[in-house]
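# Results of the structural survey
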Amino acid sequence: MEKGTSFLFAGVHFNKKKFSTDFSRFQKKKENDELVENLSLNENRESDESEEEEKDEEKVRVKKRKRKAVGSGPSESVEGFSVFKSSKSVEATVKEENEKTEKKLSQEKKKFYQQQERDALFRKEHNIHVAGNTVPSPLTDFEELSSRYGCKAKLLRNLADLGIKQPTPIQRQAIPILLSGRECFACAPTGSGKTLAFVCPMLMKLKPASKDGVGAVILCPTRELASQTIRECKKFAEGSKFCIKLMTKQLIRKADLSKFSCDILVSTPLRLKLAIRKKKLNLSRVQYLVLDESDKLFELGLLKQIDCIVKACSNPSIVRSLFSATLPDFVEELARTIMHDAVRVIIGRKNTASENVKQKLVFAGSEEGKLLALRQSFAESLNPPVLIFVQSKERAKELYAELLVDDIRVDVIHSDLTQEQRDSAVDNFRAGKTWVLIATDVIARGMDFKAINCVINYDFPDSTSAYIHRIGRSGRAGRSGQAITLYTEEDIPFLRNIANEMKSSGSVFPSWAIGLQKKKWKKHRPRRDTISTTPRDKGEKKK
Ligand SMILES: Nc1ncnc2c1ncn2[C@@H]1O[C@H](COP(=O)(O)OP(=O)(O)OP(=O)(O)O)[C@@H](O)[C@H]1O
């Protein structure tokens, strides 16, 4: 029997070596515990040196245990020793630590709720409506991109140089969502800066000039919009090494695109599908996929192409987003099937025309009456630039032929023209060389012509969304604009829809039209008389 052990252990051979760990625990406990103190006093001590070593080791062990005990709660004080008084001090520490943690947690909770309250007020002020799990706070200004997300000064300088000083509501909310790696579908009025909302996160997150495949894909429904998006991206990225590319015919002619790399790739769905299917374009590294004018892209004709592209963008951590000024319910439903934990962002009221556009409905009686009304308004007050929409390329050609003789600087754009002719029509209109541009719906969406004074719907639009997008070519980036819609007898059944749009976007509207019978409005393109002032026989009508 060990000498000096207490009576508690009388008759028991205490093997110090075998129970060295527990023994040393006792050694440590003596600081706080009477019983252990007695034990240690009666103990036959070994040499001072080994004692000291043991103590040091034990100090470390006890410290570790204390930490563990604090972490796992008061009921789990140092294993096997809770019967001793010494556990009290541990319990006290644990209690203290717990109180501290609880206090900290409750402070954090309070802070979180306060921030949520501030966010809600801020969103209300800016007409931002969100739905989704813990939506990131909106931006109060562009500087927050640096303080919250480490944005490089160069990008902010570029924005300032472009006159972009304060974020628009869609930018305030969509940018933090995409930067946080969350997917989103967003509906914001025409001309409210959706392009920057989805390009900015790419320019902040992607590594410039990466040779690691394609970094981001932006899909646009038309070639014109894709070219415009490229131009915008390049302006925002000015002075950086970002490689921003348009998927062109020439690029597709290349034999193999499997090694193709660029940071941002902009394309129409058909071109991109061809590149994937025929030229083995690899999109498995894409980090951002944007469907701009998403409702157009989800129309039946394009759905298969979109499906192929979405599948090809197979990176599991991809961030997908949908943007448009009109977001029908069926698009939201489809979007939910491909997106993960997406945030829904609506600015103002969903599917509503821009409030910056003053809208007017004018009864023109007949096709001849339309041409007369147009000529008269040009004679009285032609305030260029003016954009005129007609329902088909044939009618675009007819109206163009009529206006050419009027000595007006007029041009036309439709799908029968070559790409070069279309590009030059857009460029000349942008540069102010042409005052009046006649167009089909090919440029109704997304096109950003600065300061269009007036949009004229020479032919009644074929749907509410077509109306919203057409008149949205005016009244952009906070400017005011005007839209005139001519109508004839054939269009009256659909007037109600336009009047409702006028009402909800704050324009003066004909209240009698609101009372008209409700009629489903889809692809309303009636056969109309040829656009001509040349008198013709009645039998010649409606060829
Ligand atoms: N924060 C901002 N401040 C001022 N101007 C801005 C801002 N953001 C974008 N703009 C400008 O506003 C114009 C419209 O932007 P953009 O084309 O992105 O609108 P949009 O919402 O995509 O419109 P649409 O629905 O017609 O496609 C552009 O000329 C753009 O440079």
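Residues numbered from 1 in each chain as written. Predicted model: local features only at pLDDT ≥ 70, side-chain atom pairs only at ≥ 80, totals over all residues. Heavy atoms only, no water.

For the protein, an unreviewed UniProt entry supplies the name RNA helicase and the organism Cannabis sativa. What UniProt records for the protein under Sequence similarities (unreviewed entry) is the sentence "Belongs to the DEAD box helicase family. DDX52/ROK1 subfamily." According to the UniProt record, the Catalytic activity (unreviewed entry) comment for the protein reads "ATP + H2O = ADP + phosphate + H(+)". (UniProt positions renumbered as here; feature names shortened; annotations may be inferred.)

## Some remarks on the site of the ligand
As a matter of local geometry, the ligand sits amid 19 residues, with Gly191, Lys194, Thr195, Asp448 and Arg476 nearest to it. Contact distances for the ligand include 3.2 Å between an oxygen atom and a backbone N or O atom of Gly193. One nitrogen or oxygen atom from the side chain of Arg476 is found 2.8 Å from an oxygen atom belonging to the ligand. Burial of the ligand by the surrounding chains reaches 90%, relative to a free accessible area of 640 Å². Here the residues of the shell around the ligand are counted per class, giving 3 nonpolar, 9 polar and 7 charged. No fewer than three residues from each of domain 1 (119-347) and domain 2 (357-515) sit in the shell around the ligand. (Near = heavy atom within 4 Å. Polar contact = N/O pair within 3.5 Å; in protein donor to acceptor, adjacent residues only side chain to side chain. Areas by Shrake-Rupley, 256 points an atom, 1.4 Å probe, with all protein chains shown as cover. Nonpolar A, V, L, I, M, F, W, Y, C, P; charged D, E, K, R; others polar. Domains from an automatic or database assignment.)

## Here we look at the UniProt feature "domain: DEAD-box RNA helicase Q" (unreviewed entry) in the protein
The sites that carry the UniProt feature "domain: DEAD-box RNA helicase Q" (unreviewed entry) are, in the present numbering, residues 144-172. As a span, residues 144-172 carries 66% helix and 0% strand, and end to end its C-alpha atoms are 10 Å apart. (Helix = DSSP H or I, 4+ residues; strand = E, 2+ residues; numbered from the N terminus.)

## A few points about the sheet that holds strand E2 (residues 184-187)
Reading across from one edge, E1-E8-E2-E7-E6-E3-E5-E4 is the order of the 8 strands in this open sheet, with mixed pairing throughout. The sheet is open, and its two edges are formed by strand E1 (128-131) and strand E4 (244-246), each paired on a single side. Ignoring strand direction, the axes of neighbouring strands in this sheet form an average angle of 15 degrees. Across 3 bridges, the pairing between E4 and strand E5 (residues 262-267) is parallel. Each residue of the ladder has a partner; that of Ile244, found in E5, is Ile264. Each of strand E3 (214-219), E5, strand E6 (288-292) and strand E7 (319-324) touches helix H8 (residues 194-205); the most contacted strand, E6, lies at about 170 degrees to it. Most of the contacts of helix H9 (residues 223-236) go to E4, to which it runs at about 170 degrees, and overall it touches E3, E4, E5 and E6. (Pairing = 2+ DSSP bridges. Axes fitted to C-alpha atoms, helices over the stretch in contact; angles between N-to-C directions. Contact = heavy atoms within 4.5 Å.)

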